[in-house]
Amino acid sequence: MSRLLGFQVLLLLWGYACLWPSSFASAALLISRDHDLPQDTMRAARSLQKRSTHEVTVELRSVTVECTVASRFAHTVMTSVAVNKANVSQEIFFEVELPKTAFISNFSMEIEGQVYVGEVKEKEKAKKQYEKAVSSGKTAGLVKASGRSMEKFSVSVNIAAKSNVTFILTYEELLQRKLGQYEILTRVKPKTLVQNFQILANIYEPQGLSYVDAHATFLSNDLLPLVEKTVTDKKAHISFSPTMDQQRKCPGCDGTLIDGDFIINYDVNREKNLGDIQIVNGYFVHFFAPPDLPRVPKNVVFVIDKSGSMSGRKIIQTREALLAILKDLDEDDYFALIEFESDVNVWKDSLTKATKENVAEAQAHVNKLRAEGGTNINDAVLKGVDMLIKDRREKILPERSLDMLILLTDGMPNMGESHIPTIQQNVRSAIGGNMSLFCLGFGDGVDYSFLDVMSRQNNGLARRIFEASDATLQLQGFYEEVSSPLLREVDISYPGNAVDFLTTNHFSQLFNGSEIVVAGRLTDNNLDNFLVEVFGQGFEGDFTVQGQASAEDWGVIYPDEEYIFGDFTERLWAYLTIQQLLQKSKSGAPEEKTNATAKALDMSLEYSFVTPLTSMVVIKPETEDGPDSPLIADKLTEEQRQQGEMYRPVPVPVQYSTAGGSYSSPPTYFVDGDPHFMIELPDKQDALCFNINVKPGTIFNLVRDPESGILVNGQIIGDKKIPPSGQRNTYFGRFGIVHQTLGIKLEVSTKDISVSQDGKQVRLLWSDAASLKGTNMDLHVTKDRSLTVTLKGSVKFVILLHKVWEKHPYHRDYLGFYTLDSHLLSSSVHGLLGQFYHEIAYEVTDMRPGRVPEKPDATMYVKGQQLNVTRGWQRDFRRDMKKGENVPCWFVHNNGTGLVDGDVTSYVVSGLFKTV
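Residues numbered from 1 in each chain as written. Predicted model: local features only at pLDDT ≥ 70, side-chain atom pairs only at ≥ 80, totals over all residues. Heavy atoms only, no water.

### Brief notes about the nonpolar core
- Among the nonpolar cores identified, the biggest contains 58 residues, and Phe107, Phe153, Ile238 and Phe240 are the most heavily contacted of them.
- Counting residues per element, this core draws most heavily on strand S3 (residues 58-70), which supplies six residues.
- Counting 57 residues, the second-largest nonpolar core is a separate cluster that includes Phe677, Leu681, Phe735 and Leu833. (Core = buried A, V, L, I, M, F, W, Y, C linked by side-chain atoms within 4.5 Å. Buried < 20%, exposed > 50% of the residue type's maximum accessible area, 1.4 Å probe, protein only. Helix = DSSP H or I, 4+ residues; strand = E, 2+ residues; numbered from the N terminus.)

Listed below in structure tokens is the structure:
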């Protein structure tokens, strides 16, 4: 992919979400692409840039997001058309955010009249194409999770001069009702003005629409009238089509106001206790959410992790959420508090009725929660189950009430029973299908898969609580979803001789504001035989309703619509069936898991859905850069999303104070510690790292730029003696820095700093704060902490001094070396560290468990080689000299073999200022 600054064109960053998340799947895209354009193209590009930095070389003709919703099933088409107006070919990007619960069903590109269409294949078959592409030296861009509920799909193609490209992405999903409404969220970030920009939504609901609302985060008073909404009894049309002038931030400027979320909320009429049944083309869907049912009292045990890892903001937010949740309990509810670390502690031995006095007493107890100790999940959950069973047996709890446990934890079980399958089996056996377990995983370190399976095995669900400022609101929001049960043990039955291929039709509970959906295929077109019966347990007694299903003629309901989405019931059935099969493939019995996986794969291929079992392959058009290459769209699991978020570093600008003020650091490359090499890659929001293990006294060439005459060498030192562990640590203890053109030479040790320039020599001590300003170089020493070296018109170095207790039996003082403004060096720069100052092409795939649970392994393709790498951390000490800050990175083993050019021994030099 071309690296021409200002010449790559970000076509679009927008997205659309048609539901609140109900399952834990996510989408991603792998793209294999060439990295370098031909030299003549690069020269032409530079020429264009010199001629006019403001010249628009790509014209964004059209961006359209069109969503058609037929009985809650959404079919979304995103179309973007761009024209390359330049006289040379250039890379054009298509980036879009889509909901993680959606299934991509089509992607195509039309280039110069040729259409390239995606084909859904079994994941393993698609993976072989991908691996073949990346092993040949091409790179791949993996679409990462985007926030909590979205995925970023990204693709780029090289477009010839004066040519155009049309991108079309289609995905489908079932909207789910949450807190009494459906939501359609369109994320729009076009980055530039668009000639023809449109958001269109058509909602068809034969039940009738009770309300429709549309708003956006970016709507000003001028833009608000552009949102057009037409609502009739059973149809809504919403559109937003600003002109280019209306998109502008200011008259005559190119900035756009369109940057944020466009949101549509709606609900349908609910007049029938039986619910609504739609029958189209031999498939039916049944929506059940009866109105005006009284809530069922609940008995809830809160099982709260207060282990040491919950210290700080997590335990504060947990306390805040619990205080609000306790306040919202109904007086006919019963509750209990169990907190755990290594030990399990109960507030009271039995559940307590939620009177105002009892709630106030519980809140006072919650305010005393403090975090310490290990994580004993097994005993804590089993204690909660025992309390419910005992109180139910002793008739303390109302007969017609719902039993539930809500577990909040942020970590892995490491005390008591720690074997995850055993914990899951213990909990499942204890609950016996008689209560629901909801699991909330707090933060990135939690084993989400463990919680997800355990909750699904016990009539509940898991939810991730993101470690952010709104975590308290996330906890409260989840509780609000499950706080008002209306029915328990809901069974919906249909005549066996009339339907088959039925989705799940038994539900442990129905909560206020949600909806039950069942779909299937008709085997008997005689609807006189289609009798529907619903049974459930309510507060006032058993809930029973039955009725005859009838097919409504969509042609009569919507006579002016030539085509809505004729096979939507079948595709809705397929979508729902695949989602439920994927859940069974994780939480069912072994044979059930195998059968569910096989069936889900077959259906994914039959209906061309990109699911965790399939991939969509698009053959990228051949260019002058190279032959055709595959674009591969995958879908990640929630666990893979979590890993991607957990291990993706977020670049944070680092501030330094100097004699002349302060400045922010650009991307940094450094070596610090034992000695740990770190390569930050801000474009990829990632980092690579490796260690060097050699004998003390070895001198390495770190940076060598023959064009500027810059040379940096570093000498290894070791511990005073071998510690009892037998592992002797090594560090950098001296650095030699030369700038031949400027006539500068520096020798930096843990004792002092020697500076030589133009025949003059100066010695600076670490024990003094000092500044030295010259025509060609500035030095600034922070006492016993850091040296900043700024070379005129060139690179900037920061050297940190790590001081150790002088009488420490093993360790000694050592140095860390950080490179800033490395882009100012020439393209010929090299060295053990310098070779990474310019872009490195690599791709990481096939993430899998490693020897340590928190450090997964993966496969890296780099420089034509396939390496096994491990996700780990190295420490950046620039802001915290004592503890450092953990920086996630992909660790390359064996002294960086495969990542480093040649062997590390080839970088050994004979002296601190020598090149050989």
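### Some points on the state of the cysteines
- Taken as a whole, this structure holds two disulfides when the rule is applied.
- The disulfide partner of Cys250 is Cys253, and the S-S distance across this bridge is 2.3 Å.
- When its relative accessible area of 36% is taken as the criterion, Cys250 is described as partly exposed.
- Between Cys689 and Cys889 runs a disulfide, and the two sulfur atoms are separated by 2.1 Å. One quick way to see it: the torsion about the S-S bond of Cys689 and Cys889 is about 65 degrees, and its sign makes the bridge right-handed. (Disulfide = S-S within 2.5 Å.)

### Things to note about helix H7 (residues 420-431)
- Taking 1.5 Å of rise per residue, 12 residues should cover 16 Å, and H7 covers 17 Å from first to last C-alpha, within 8% of that figure.
- Looking only at H7, the buried set comprises Ile420, Ile423, Gln424, Val427 and Ile431. For H7, the buried positions fall inside an angular range of 100 degrees around the axis, keeping them on one side.
- For H7, the secondary structure elements touched by its buried residues are helix H6 (377-393), strand S25 (402-409), strand S26 (436-442) and helix H8 (448-456).
- A positive phi of about 60 degrees marks Gly432, the residue just after H7. (Expected span 1.5 Å × (residues − 1). Arc of directions from axis to C-beta. Contact = heavy atoms within 4.5 Å.)

### Thoughts on the sheet that holds strand S6 (residues 103-111)
- Reading across from one edge, S7-S6-S12-S4-S3-S14-S17-S16 is the order of the eight strands in this open sheet, with mixed pairing throughout. The sheet terminates laterally at strand S7 (114-117) and strand S16 (227-231), the two strands that pair on one side only. The average angle at which neighbouring strand axes cross in this sheet is 10 degrees, direction not considered.
- Of the pairings in the sheet, the one linking S3 to strand S14 (residues 196-204) comprises nine bridges and is parallel in character. Across the sheet, Ser62 pairs through a bridge with Asn196, a residue of S14.
- Its contacts with the sheet place helix H11 (residues 568-587) against S3, strand S4 (73-84), S6 and strand S12 (164-174), and it is angled at close to 70 degrees to S12. (Pairing = 2+ DSSP bridges. Axes fitted to C-alpha atoms, helices over the stretch in contact; angles between N-to-C directions.)

### Things to note about the side chain of Ser108
- Within the element layout of this structure, Ser108 appears in strand S6.
- According to the relative accessible area criterion, Ser108 is buried, its value standing at 10%.
- In this view, Ser108 contacts Val115, Tyr116, Val117, Thr166, Phe167 and Ile168; residues no more than four positions away in its chain are not counted.

### Comments concerning the packing of aromatic side chains
- Counted by the stated rule, this structure contains 35 aromatic pairs.
- Where Phe218 meets Phe240, the ring centres are 5.9 Å apart and the plane angle is 50 degrees; that geometry is what we call tilted. Taken together, the positions of Phe218 in the loop between strand S15 (209-216) and S16 and Phe240 in strand S17 (residues 235-240) put the pair 22 residues apart, joining distant regions of the chain. In terms of burial, Phe218 and Phe240 fall into one category: buried.
- Here the aromatic residues Phe73, Phe103, Tyr283, Phe501, Trp573, Tyr575, Tyr607 and Phe609 are joined through ring pairs into a cluster of three or more. (Phe/Tyr/Trp six-rings, centres within 6.5 Å; stacked < 30°, edge-to-face > 60°.)

### Observations regarding helix H12 (residues 590-606)
- The end-to-end C-alpha distance of H12, which contains 17 residues, comes to 25 Å, matching closely the 24 Å that a straight helix rising 1.5 Å per residue would cover.
- Just beyond H12, the residue with positive phi is Ser608, at close to 55 degrees.

### Some words on the sheet that holds strand S20 (residues 283-288)
- Strand order in the open sheet formed by four strands is S19-S20-S31-S29, with antiparallel pairing between adjacent strands. A strand with exactly one partner marks an edge of an open sheet, and here the two such strands are strand S19 (276-280) and strand S29 (499-500).
- Bridge analysis of S20 against strand S31 (residues 516-522) gives six bridges, and the strand direction is antiparallel. By the bridge assignment, Phe284 is partnered in S31 with Gly520.

### A look at the packing of H7 against H8
- Two elements in contact, H7 and H8, have axes whose closest approach is 10 Å; the angle formed by their N-to-C orientations is 20 degrees. Considered as vectors, H7 and H8 are oriented roughly parallel to each other. By crossing handedness, the relation of H7 to H8 is classed as right-handed. Note on element contacts: H8 touches H7 through Phe450, Val453 and Met454, opposite Ile420, Ile423, Gln424 and Val427.
- The class makeup of the residues in the contact of H7 with H8 is six nonpolar, one polar and no charged. (Parallel < 35°, antiparallel > 145°, perpendicular 65-115°, else oblique. Left-handed = near helix turned anticlockwise from the far one by under 90°. Nonpolar A, V, L, I, M, F, W, Y, C, P; charged D, E, K, R; others polar.)

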